Amino acid sequence: MAVRYISTGIIHSGQNGGKTDYGEYTRHKPTHWENTSVKVTCQKNGCG
Ligand SMILES: [Zn+2]
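Residues numbered from 1 in each chain as written. Predicted model: local features only at pLDDT ≥ 70, side-chain atom pairs only at ≥ 80, totals over all residues.

## Here's the deal with the overall build of the chain
Within the chain one finds zero helices and three strands. In sequence order, the chain lays out its α and β elements as β-β-β. By principal-axis analysis of the C-alpha atoms, the chain measures approximately 20 × 20 × 15 Å. Taken across its 48 residues, the chain has 23% of its residues classed as buried. (Helix = DSSP H or I, 4+ residues; strand = E, 2+ residues; numbered from the N terminus. Buried ≥ 20, exposed ≤ 12 C-beta atoms within 10 Å, placed from the backbone.)

Given below as structure tokens:
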């Protein structure tokens, strides 16, 4: 599962309503994120 941060367009590993695999919390602002199936572009450890 991957999740896009809408304002930056960066794709993180993880899902909306929880957190990314890097540890960024998507559940705090769920309207700022959307689940997607495209390739992860985040370079942070745990995501990329
Ligand atoms: Zn990330």
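## A closer look at the nonpolar core
Ala 2, Val 3, Ile 11, Trp 33, Cys 42 and Cys 47 together form the largest nonpolar core, which totals six residues. Not counting chain neighbours up to four residues away, the residues in contact with Cys 42 comprise Ile 10, Ile 11, His 12, Tyr 22, Cys 47 and Gly 48. (Core = buried A, V, L, I, M, F, W, Y, C linked by C-beta atoms within 7 Å. Contact = placed C-beta atoms within 7 Å.)

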